Amino acid sequence: APHRRFSEQGGLREQGGGRDAVLLASQLAAARPQVQAARADAGGLRSRPSLLFSPSEAAELDNEAIRNIGVSGLQELLAHEPSLGRFEKTLFVRGAAEFRRENQTAEVIRSLDGSIRALLGAVSPFFLLRPALKVIEFLIRRYSAHQHNVDALLECALPYHTTLQFVRLVQLIEPQGRWLFLAGVKKTGSPLSRSVLAGCCLRDLSVLQFICGIAKAETAGRTAVNLFLTVSCEALASEGSVTDGLALALMPTLLEGLRAAKRPDMQSASYMVGSLLSRKALLAAEASDTLLRVIAQYAPRADPAPAVLTLAAVCHFQRPKELSEETFSAIAKLPSLPANVEALLGVLLPCMVQHVAEGGTCGDDLKAIATSVGVGAQVPCVAEAVIDECLRLAHEDDGPSNSREQASAQQLHALLRALALRYPSQMDLVVTDVLKRGSAEGAGDEVLELLSVTFRGTRHAPVGEGG
């Protein structure tokens, strides 16, 4: 039977034979990819990625409808965060409906991604509110944020990792790289637990650093700070001994948080993380000193108690042998220290005594702390440390450093007299004990001379042979 086929001129004509059938089959085979692509596009029109709607419902909404949804969400959020208004004339302009990412220059795309990240960061504190989800819906539909801005979306949503809204968002992305662990959330539809997230942070420190970055952002809300606090503490608590990598990953954010006097939530969280880190890890002397200095320098002057308790915890667990003058000075300038910080004073004051004896310039700071704070049970420890250093200096041979040693001795003598004025009864016991110890060790005359010179004219001056 004759076959019909299109002529080169576009008309139909009859042709016998099987050669044309073979030609037609080859033409159909060549056209198959285009046909399949067209079918895929048609199928795509019947389903759209959506945070708020089912795929079929989302497919019924055109670009203008999606823009209206996004703008309405933005308008509702303005009541909570007026600064969001700046995005209405950029990301939400009517021309955005015609935006095609593939037609843009690299500079335009960088600017777009920066704007999307800034908007998501500002929306993050309101992620669980429907207006915020409307805004994110618009970004997903209009700019394909679920494909091109995965990190920005997770910066916004990760603080809410235990919620169904987070699960819904994860189901729209394709987890890759460090986010591969979210494939389980996408598959099962189960929220991500804190312990699992902490475990992922231990296996891949870049996830922990990502969480730290969320908490450091100026727009970070309380939920983002809580994420940093809970995941950091969970990771620290689950480690038998904290690795250097974990400590190094936490330290930059920890120090920045301690400096965040204008963000009380972040500063309080950093106090807790710093205390736990100091208990679980042996820090280098320089790192420990930096930690103490930053805590003291940025402690809230109206209520320094949390900062001081953190200082006490760091001193208790790290047991620093010496501290820099800058750290001494920062601690001395605190407006007040509560009386229940014996761990801090027990480490700090002997270190300061030794520092002064070696020519340090923190004598005034040492005197201020010892006489303005309720030292209490630390008086014998501090006083005996001062007397020991005075005796050591008295035995030093004359030499180039003699004048410096004399100045140190004068500061230590002044400290003893100040302690005697502030704590007379405790110092009576100290003087008696030191004299007894000196006699037992065969150094009674030297001790007697030192105490006589230091306390001449006061009630603590030794009298006769009875001391």
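Cut-off values and rules
Residues numbered from 1 in each chain as written. Predicted model: local features only at pLDDT ≥ 70, side-chain atom pairs only at ≥ 80, totals over all residues. Heavy atoms only, no water. Helix = DSSP H or I, 4+ residues; strand = E, 2+ residues; numbered from the N terminus. Buried < 20%, exposed > 50% of the residue type's maximum accessible area, 1.4 Å probe, protein only. Contact = heavy atoms within 4.5 Å. Areas by Shrake-Rupley, 256 points an atom, 1.4 Å probe, with all protein chains shown as cover. Salt bridge = Lys/Arg side-chain N within 4 Å of Asp/Glu carboxyl O. 1 Å grid on protein atoms, 1.4 Å probe; cavity = no way out; pocket = protein on both sides within 12 Å on 5 of 7 lines; lining within 4 Å. Points joined across faces, edges and corners; volume = space filled by probe spheres on them. Nonpolar A, V, L, I, M, F, W, Y, C, P; charged D, E, K, R; others polar. pLDDT = per-residue confidence, 0-100. Lys, Arg positive; Asp, Glu negative; His and termini not counted. Phe/Tyr/Trp six-rings, centres within 6.5 Å; stacked < 30°, edge-to-face > 60°. Arc of directions from axis to C-beta. Expected span 1.5 Å × (residues − 1).

1. A look at the overall build of the chain
- Secondary structure summary: the chain contains 23 helices and two strands in total.
- Relative to its 467 residues, the chain shows a buried fraction of 45%.
- Across the chain, every contact between residues at least 6 apart in sequence was considered, and the portion connecting residues at least 24 apart equals 68%.
- Counting only carbon and sulfur atoms, one obtains 53% of the accessible surface of the chain, whose full area is about 23600 Å².

2. A short note on the pattern of salt bridges
- A complete count under the given rule lists 14 salt bridges for this structure.
- Residue K216 is joined to E256 by a salt bridge in which the shortest nitrogen-to-oxygen separation is 3.9 Å. Within this pair, whereas K216 is found in helix α11 (residues 205-216), its partner E256 is found in helix α13 (residues 244-258), the two being separated by 40 residues in sequence.
- For E389, the salt bridge is made with R392, and the minimal N-O distance between the two is 2.9 Å.

3. Focus on empty space enclosed by the protein
- Counted under the stated rule, the structure contains one cavity of 30 Å³ or more.
- Looking at the largest cavity, its volume works out to about 40 Å³.
- Forming the boundary of the largest cavity are K321, E322, C351, Q354, H355 and E358.
- When its residues are assigned to classes, the lining of the largest cavity shows one nonpolar, two polar and three charged.

4. Considering the confidence of the model for the chain
- Here the chain shows a mean pLDDT of 82. Residues at 70 or above account for 80%.
- Between residues 1-16, whose pLDDT stays under 50, and residues either more than four places distant or in other chains, the model counts 18 contacts.
- Every residue in residues 33-44 is under pLDDT 50, and counting partners more than four places away or in other chains gives zero contacts.

5. Some remarks on the environment of L277
- Mapping L277 onto the fold places it in helix α14 (residues 264-280).
- You can call L277 buried: its relative accessible area is 0%.
- Note: C-alpha distance between L277 and F317 (40 residues apart in sequence) is 9.6 Å.
- Apart from residues lying up to four places away in sequence, L277 is in contact with L236, V242, A247, M251, L254 and L283.

6. Re the side chain of R141
- For R141, the position within the fold is in helix α5 (residues 130-143).
- Nearest to the buried, unbridged R141 among oppositely charged side chains is E137, at 4.7 Å.
- If sequence neighbours within four positions are ignored, R141 has contacts with R48, P49, A58, L61 and I66.

7. Comments concerning the packing of aromatic side chains
- For the structure on display, the rule yields five aromatic pairs.
- Summarising the aromatic geometry, the rings of F138 and Y143 are spaced 5.8 Å apart at their centres and angled 85° between planes, so their arrangement reads as edge-to-face.
- These aromatic residues form a ring-pair network of at least three members: F92, F138 and Y143.

8. Notes on helix α23 (residues 444-454)
- Listing the buried residues of α23 in full gives G444, V447, L450, L451 and T454. Taken down its axis, α23 places every buried residue within 130° of arc, on the same side. Along α23, the residues that are exposed and aim more than 90 degrees away from the buried face are D445 and E449.

9. Section: unusual backbone geometry
- We note that S144 has phi near 50°; this positive angle belongs to a residue other than glycine.
- Although it is not a glycine, R319 adopts a positive phi angle of roughly 50°.
- Inspection of the secondary structure puts R319 in the loop between α16 (305-318) and α17 (325-332).
- For R319, a relative accessible area of 48% gives the class partly exposed.

10. A word on α11
- Over its 12 residues, α11 extends 16 Å from the first C-alpha to the last, a length consistent with the 16 Å expected when each residue adds 1.5 Å.
- Taken residue by residue, α11 has V207, L208, F210, I211, C212, I214 and A215 as its buried positions.
- Buried positions along α11 lie against α7 (150-157), α10 (194-203), α12 (222-238), α13 and α14.

11. Section: the layout of surface pockets
- By volume, the largest pocket amounts to about 450 Å³.
- What lines the largest pocket is a set of 16 residues, among which R48, I140, R141, R142 and S144 lie closest to the centre.
- For the lining of the largest pocket, the element with the most residues is α5, which contributes four residues.
- Broken down by class, the residue content of the lining of the largest pocket amounts to four nonpolar, six polar and six charged.

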